[in-house]
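# Architecture and fold: a report
The primary structure of each chain is shown beneath.
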Amino acid sequence: FLQKHIFTPLTISIRNTHNEYIITKENNGTREIILNHEKTKNSLSINMMSNLIQAINANNEDTSLRAIVLSAKGNVFSAGHNLKELQIIDGKQQYKLVFKKAVDLMKSIMDSPVPVIAKVNGFATAAGCQLVASCDMIVCSDTSKFSTPGANFGIFCSTPGIPLARSVPKSRAMYMLLTGQPINAKEAYESGLVTKVVPPEELDEEVTKIIDQIKLKSRSVITLGKYFFYRQINLNIFDAYKLGQDIMVNNTEMDDGQEGIRSFVEKRKAKWSHK
């Protein structure tokens, strides 16, 4: 892992791309990926998910990339899977393709070497809620709502329930999954689903504050920490400590690990190499 994530610095300029499904804006180390298919309420069709995966993975070896933000146009962050792609005429292979693509999307978020932050201003439902819950952090407006209503339509939100159950207490997850009823931003915050709740006009500022704090750190250390977090979370405590011990030894041997120690001892600002 450590060898895989030793990067050569590149320079990111302002880059904006646009297609039918997403808008990508990249500036000063932050890549914002905007879901842009309002006519389907930003549904996670195969094409939408493919575009998201590509945008999340693009140039992720570039050390000047420090954070990714997922947001959406319109008042629905995402309505979940496009049910038109799940009709009986499409057949089992089509169903497998849809759900595999969704798993690949969620894995791309966890495997991203930089933090992925959901910026939600609207309704995130079903697989849209899954997408949000899979992000490393979630900042939402106080008017946002979250739901997993698949049972209402005869398709239980099994995969959306996976990150949900790892984010909120069992009774809250079961309430959402079994009743299909949405929870509001305050309830989502109290349950641990979201990181911050702010008025809509303060969303951009709050996300920027978080990213500014991330940028003060070594990217290689952040990458290592994210890698460790997702691999230890479901281990038993003894295996988690064993893995953590090995990771901390590796971390201490890294250039930026030693630079951090020296800067602390010498009472100066660290000069990160991001290696």
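Scroll up to find the structure this text is about.
Below is a summary of the structure that appears in this document. Keep in mind it's a predicted model, so treat the numbers as computed, not measured.

### Let's talk about the overall build of the chain
Check the secondary structure of the chain and you find ten helices and eleven strands. Relative to its length of 275 residues, the chain is compact, with a C-alpha radius of gyration of 19 Å against a globular reference of 19 Å. With the principal axes as the frame, the chain shows a C-alpha extent of 65 × 45 × 40 Å. Of all 275 residues assigned to the chain, the portion counted as buried reaches 46%. Contacts spanning at least 24 positions in sequence make up 65% of the contacts within the chain whose residues lie at least 6 apart. Surface summary for the chain: the accessible area is close to 14,500 Å², and the carbon and sulfur share equals 55%. In the chain, 34 positive and 27 negative side-chain charges are present, and the distance between their average locations comes to 3 Å.

### Quick look at the side chain of serine 134
Within the fold, serine 134 resides in helix 3 (residues 127-134). Under the relative-accessibility criterion, serine 134 is labelled buried at 8%. Reaching out from serine 134, the side chain makes a polar contact with the backbone oxygen of glutamine 130 at a distance of 2.8 Å.

About the thresholds
Residues numbered from 1 in each chain as written. Predicted model: local features only at pLDDT ≥ 70, side-chain atom pairs only at ≥ 80, totals over all residues. Heavy atoms only, no water. Helix = DSSP H or I, 4+ residues; strand = E, 2+ residues; numbered from the N terminus. Rg over C-alpha atoms; globule rule 2.2 N^0.38 Å. Buried < 20%, exposed > 50% of the residue type's maximum accessible area, 1.4 Å probe, protein only. Contact = heavy atoms within 4.5 Å. Areas by Shrake-Rupley, 256 points an atom, 1.4 Å probe, with all protein chains shown as cover. Lys, Arg positive; Asp, Glu negative; His and termini not counted. Charge placed at Lys NZ, Arg CZ, Asp CG, Glu CD. Polar contact = N/O pair within 3.5 Å; in protein donor to acceptor, adjacent residues only side chain to side chain.

On their own, these measurements won't tell you what the molecule is for.
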